[in-house]
Amino acid sequence: MPTADLILTGARVRTLDPRLPRACAVAVRDGLIAAVGDEAGVRDWRGPGTEVVDLAGAGLVPGLVDGHSHPVWGLEMATGLDLSEVRDLDGLRARLAAAERTGGWVVGFGLDHNVFGGRPIDRALIEDVLHGAPAFLRLYDGHSALVTGAALRAAGVTGPRTFAQRSHLAVDADGRLTGHLVEHAAMDLVATVMPRPTHAERRARLVELLSAMAATGLTGAHVMDLGDLELVGSVAEETVLPLRLRFAPWCMPGDDEAALDELVALQSRAGRHWRVGGVKFFMDGTVEGGTAWLEHPDCHGQGTEAFWPDPSAYSDAVRRLHRAGVRTATHAIGDAAVRHVLDTVETLGADARFAHRVEHIESVPDDTLARFARLGVIASMQPPHTGYTRADHSDEWSQRLGEGRAGRAWRLRDLREAGAVVALGSDWPIAHYDVRAVLATARAPRGAASAREGLTGLQALEGCTTHAALAAGEADVAGRIAVGCRADLTALGVDPVDAPADEVAEAPVRLTVTGGHVVHREV
């Protein structure tokens, strides 16, 4: 009889396999689950080279997966000064005045729209404390940035531009560039001239980041961008990636048939613990930036246009990729954007069930909920985003939408009860990558969503396991602790289903196993 590489004993195992829901021991061989049951049942798998770990009563669950993250591109996004704790304009100015320069620039990220207190985002609010230094400050949503006049000059930007996608350089009433860059194409104009870390620095940061993610219990992430496959591939050849990374490159407005063919060809790229799997679209932007596609304008009269100037071109691209067997994920925050994605999937036929997903879904009307279940469209949602809103609806997100739409914030439980598959994630670096916080906030939403009932403990766990596996088309090999499934396992100091949400958020992570490799240990 073959022997196991790893045996875990003394655990309270939640397998999420209906054939054997509970167990206390698991054997792992060649990166797969070899046996599940009691300790007597796995005893025969023990050999001279088997590592045996006594989990001393820890809760063992299928490896937790972040259903929406940016761990490679995010290294660039989360560069410089962390502004996520800044709460008002005075605090921002103080942080910037004391900030270190990077290649002569002040670079920051995580800036909350609420810092500006309803004022238009304008470089005039900060330039005097920077004394002429170029600055690039990413807003927390990742879809906009505030830059100074010196940064605009460095990029050769002197006036508005026209883009193939919904993107713009904001101007004031006099036509002056305010420094507010809205959406990716506008930000890229300046981002390309900013100082960049070396390859060695990026490699070191990637390894450090993935190890830190594994220390929260994560074993995988659905990466909603192409990242840097050469960097990831080189790291994966030298060491074991602590997380499985599944990349979805972007399809943007203006991409022609040749570009779509390239996206199809990319699906064959893979290595140990990483692969390309799917394509990411944007149907809109963000509520706070005024670029969410809404069925009715926001309070500033904005939000009535899709990210794709011709939404039918988006639908055509999805249909072409679907025929090629490529899964898609579409960023859709506003109600009109979500509806258009669902309308598109409805044209694909029965084989589209569980092959396509919508990311974010921050506010949708009642009649949309059941369509997710009926069409088999995965709802991919990020509960920590609720922390950028306020229960009294005084935040920028709620103010822009108005009471009615703000009252429909992050309908996690409603989607589950309608029968939808709901995968959960963090959207790091938009929110912290700690998967325990994802589980906890899914059960106890914050801010504008706090009046709404959250998920049950089991539903939250499923969102990072079985439902995440469905979202990736991997339900046959992942998301459960069952013989033949991947040996991706997370051991927590509490049962994430029965323990209160606040205890889950602080739970010790005893062990993280990815592909049979112990990538984090605290036992």
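Residues numbered from 1 in each chain as written. Predicted model: local features only at pLDDT ≥ 70, side-chain atom pairs only at ≥ 80, totals over all residues. Heavy atoms only, no water.

Mind laying out the pattern of salt bridges, listing which residues take part and the relevant values?
Applying the stated rule across the entire model yields 39 salt bridges. A single network of salt bridges, built from pairs that share partners, joins Asp343, Glu346, Arg371 and Arg374. (Salt bridge = Lys/Arg side-chain N within 4 Å of Asp/Glu carboxyl O.)

Describe in detail the nonpolar core, supporting the description with residues and values.
Of all hydrophobic cores here, the largest spans 93 residues; its most connected members are Leu245, Phe247, Phe281, Met283 and Phe372. Considering each element in turn, this core owes the most residues, 6 residues, to helix H11 (residues 335–346). Setting aside residues up to four positions removed in sequence, Phe247 forms contacts with Val72, Val223, Asp225, Leu226, Gly227, Leu229, Val232, Trp274, Arg275, Val276, Gly277 and Gly278. Grouped together as the second largest cluster of nonpolar side chains are 21 residues, Leu6, Val28, Val53 and Leu511 included. (Core = buried A, V, L, I, M, F, W, Y, C linked by side-chain atoms within 4.5 Å. Buried < 20%, exposed > 50% of the residue type's maximum accessible area, 1.4 Å probe, protein only. Helix = DSSP H or I, 4+ residues; strand = E, 2+ residues; numbered from the N terminus. Contact = heavy atoms within 4.5 Å.)

Quick one: what's the story with the pairing of strand E4 (residues 25–29), residue by residue and with numbers?
The buried fraction of E4 is high, at 4 of 5 residues. In the sheet, strand E1 (residues 6–9) pairs with E4 via 3 bridges, with the strands oriented antiparallel. Bridging across to E4, Leu8 finds its partner in Val26. Direction of pairing for E4 relative to strand E5 (residues 32–37): antiparallel, over a ladder of 5 bridges. Counterpart to Val28 in the pairing with E5 is Ile33. Joining the antiparallel neighbours E4 and E5 is a turn of 2 residues, in which Asp30 adopts a positive phi near 55°. (Pairing = 2+ DSSP bridges.)

Run through the side chain of Ser380, naming residues and quoting values.
One can find Ser380 in strand E22 (residues 378–381). In this structure the side chain of Ser380 is engaged in a polar contact, spanning 3.3 Å, whose partner is the side chain of Arg357. Once residues within four sequence positions are removed from consideration, Ser380 is found in contact with Gly67, His68, Arg357, Val358, Glu359, His360, Ile361 and Ala423. (Polar contact = N/O pair within 3.5 Å; in protein donor to acceptor, adjacent residues only side chain to side chain.)

Explain the sheet that holds E5 to me, and be specific about the residues and the numbers.
Here 4 strands make up an open sheet; going across it, the order is E5-E4-E1-E6 and the pairing mixed. Edge positions in the open sheet fall to E5 and strand E6 (51–54), since each of these has one partner strand only. Direction aside, neighbouring strands of the sheet carry axes that sit 15° apart on average. (Axes fitted to C-alpha atoms, helices over the stretch in contact; angles between N-to-C directions.)

Got a sec to walk through the sheet that holds strand E2 (residues 12–14)? Specific residues and values, please.
If you walk across this open sheet you meet the 6 strands as E3-E2-E7-E24-E25-E26, and the pairing is mixed. A single partner strand is all that each edge strand has here, and the edge strands are strand E3 (22–23) and strand E26 (517–521). One ladder, built from 2 bridges, connects E2 with E3; its direction is antiparallel. Following the sheet pairing, Val13 is matched in E3 by Ala23.

So what's going on with the packing of helix H7 (residues 199–214) against helix H8 (residues 229–238)? Residues and values would help.
Contact geometry for H7 and H8: axes closest at 11 Å, N-to-C directions at 65°. Along this stretch, H7 crosses H8, giving a crossing that reads as right-handed. Residue-level inspection shows His199, Arg202, Arg203, Leu206 and Val207 of H7 in contact with H8, the latter providing Leu231, Val232, Ser234, Val235 and Glu238. Its residues assigned to classes, the contact of H7 with H8 comprises 5 nonpolar, 2 polar and 3 charged. (Left-handed = near helix turned anticlockwise from the far one by under 90°. Nonpolar A, V, L, I, M, F, W, Y, C, P; charged D, E, K, R; others polar.)

Tell me what's going on with the packing of aromatic side chains, and back it up with residues and numbers.
Enumeration according to the criterion identifies 9 aromatic pairs in this entry. Residues Phe281 and Tyr314 carry aromatic rings whose centres are separated by 5.1 Å and whose planes lie at 85° to one another, so their mutual orientation is edge-to-face. Here Phe281 is found in strand E19 (residues 279–282), whereas its partner Tyr314 is found in helix H10 (residues 311–323), with 33 residues between them in sequence. For the pair formed by Phe281 and Tyr314, the shared burial category is buried. Each residue in the set Trp73, Trp250, Phe282 and Phe307 is aromatic and connected to the rest through ring pairs, giving one cluster. We note Arg353 situated over the ring of Phe354; from NZ or CZ to the ring centre the distance is 4.9 Å. (Phe/Tyr/Trp six-rings, centres within 6.5 Å; stacked < 30°, edge-to-face > 60°. Lys NZ or Arg CZ within 6 Å of the ring centre and 35° of its normal.)

Outline unusual backbone geometry, listing residues and values.
Put simply, Trp428 and Pro429 share a cis peptide bond, and its omega is 10°. Topologically, Pro429 is positioned in the loop between strand E23 (422–424) and helix H16 (435–443). Phi is positive for Leu16, close to 60°, though the residue is something other than glycine. Summarising the element assignment, Leu16 is placed in the loop between E2 and E3. Residues other than glycine seldom take positive phi values, yet Ile361 does so here, at roughly 50°. Judged by its relative accessible area of 1%, Ile361 is buried.

If you had to explain the packing of H10 against H11 to someone new, which residues and values would you point to?
Close contact between H10 and H11 brings their axes to 10 Å; oriented N to C, the two are set at 40°. Between H10 and H11, the crossing angle belongs to the class labelled oblique. In terms of crossing hand, the pair formed by H10 and H11 is right-handed. Between H10 and H11, the contacting residues are Pro311, Tyr314, Ser315 and Val318 on the first element and His340, Val341 and Thr344 on the second. For the contact of H10 with H11, the residue count by class is 4 nonpolar, 3 polar and no charged. (Parallel < 35°, antiparallel > 145°, perpendicular 65-115°, else oblique.)

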